[in-house]
Amino acid sequence: HPMLAYQDMSSVSTIGSAWGIENLLPDTLMVDKYSGVSVKWALNEPLLRIGNFILTIGRTLTALVLGNILGIALHEKFPWIIPMNSVVTALFWLLLRIMYQPAGEKIKR
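In this text, all values refer to a predicted model and were calculated from it rather than measured experimentally.

Trainee: Got a sec to walk through the overall build of the chain? Specific residues and values, please.
Mentor: When helices and strands are tallied, the chain shows three helices and four strands. Ordering the α and β elements of the chain from the N terminus gives β-β-α-β-β-α-α. In the chain, which comprises 109 residues, the share counted as buried stands at 24%. A separation threshold of at least 6 residues defines the contact pool for the chain, and within that pool the share at least 24 residues apart is 43%. Looking at the chain as shown, the accessible area adds up to about 8300 Å², and 68% of this sits on carbon and sulfur atoms.

Laid out in structure tokens, this is it:
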């Protein structure tokens with residue numbers, strides 16, 4: 001993809017607008033100054049909508065990082081958190097891998 005289409009943060013995405021922890025990032029933190037894409041906008045991209053809950057890239061990364069932090073901090077009392085977070089990480093990775101695959105095309109290995 002030579003060029004990423006820029007969408008204004010105020011416009012609603014195809015599955016609805018989202019607010020998450022990624023909105024705490026400053027608009028000046030840019031992925032690419034040429035296209036005008038901010039990190040905030042990129043992390044606010046929706047992945048999946050389940051009912052009224054919208055799973056964004058930022059929310060997914062936040063959940064995975066917090067899972068690791070909790071797993072490390074509470075390892076003595078709750079040793080199952082890190083393995084459970086690893087399973088959730090694998091499921092998110094699989095979901096992204098499936099969604100990335102163009103229709104009718106096999107996944108390249």
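Still more ground to cover, so stick around.
Trainee: Provide a residue-level description of a nonpolar patch on the surface, including the pertinent values.
Mentor: Side chains of Leu70, Leu74, Phe78, Trp80, Met84 and Val88 sit close together on the surface and give an oily, nonpolar patch of about 530 Å² of accessible area. As for its placement among the helices and strands, Val88 is situated in helix 3 (residues 81-100). Given the relative accessible area of 31%, Val88 is considered partly exposed.

Trainee: Residue-level account of helix 2 (residues 57-73), with values.
Mentor: With 17 residues, helix 2 should cover 24 Å at 1.5 Å per step; its first-to-last C-alpha distance of 24 Å lies within 8% of that length. Residues of helix 2 that are buried: Gly58, Arg59, Thr60, Leu64, Gly67 and Gly71.

Trainee: Describe the environment of Gly58, naming the residues involved and giving the relevant values.
Mentor: For Gly58, the location among the structural elements is in helix 2. The class for Gly58 is buried, based on a relative accessible area of 4%. Along the chain, Gly58 and Leu43 lie 15 residues apart, while their C-alpha atoms are 4.4 Å from each other.

Trainee: Explain the packing of aromatic side chains residue by residue, including any values.
Mentor: Applying the stated criterion across every chain, the model contains one aromatic pair. Ring centres 5.9 Å apart and planes at 80° place the aromatic pair Phe78 and Trp80 in the edge-to-face group.

Scoring rules and cut-offs
- Residues numbered from 1 in each chain as written.
- Predicted model: local features only at pLDDT ≥ 70, side-chain atom pairs only at ≥ 80, totals over all residues.
- Heavy atoms only, no water.
- Helix = DSSP H or I, 4+ residues; strand = E, 2+ residues; numbered from the N terminus.
- Buried < 20%, exposed > 50% of the residue type's maximum accessible area, 1.4 Å probe, protein only.
- Contact = heavy atoms within 4.5 Å.
- Areas by Shrake-Rupley, 256 points an atom, 1.4 Å probe, with all protein chains shown as cover.
- Patch = residues over 30% accessible without salt bridge, like charges linked within 9 Å, V, L, I, M, F, W, Y side chains within 5 Å.
- Salt bridge = Lys/Arg side-chain N within 4 Å of Asp/Glu carboxyl O.
- Expected span 1.5 Å × (residues − 1).
- Phe/Tyr/Trp six-rings, centres within 6.5 Å; stacked < 30°, edge-to-face > 60°.

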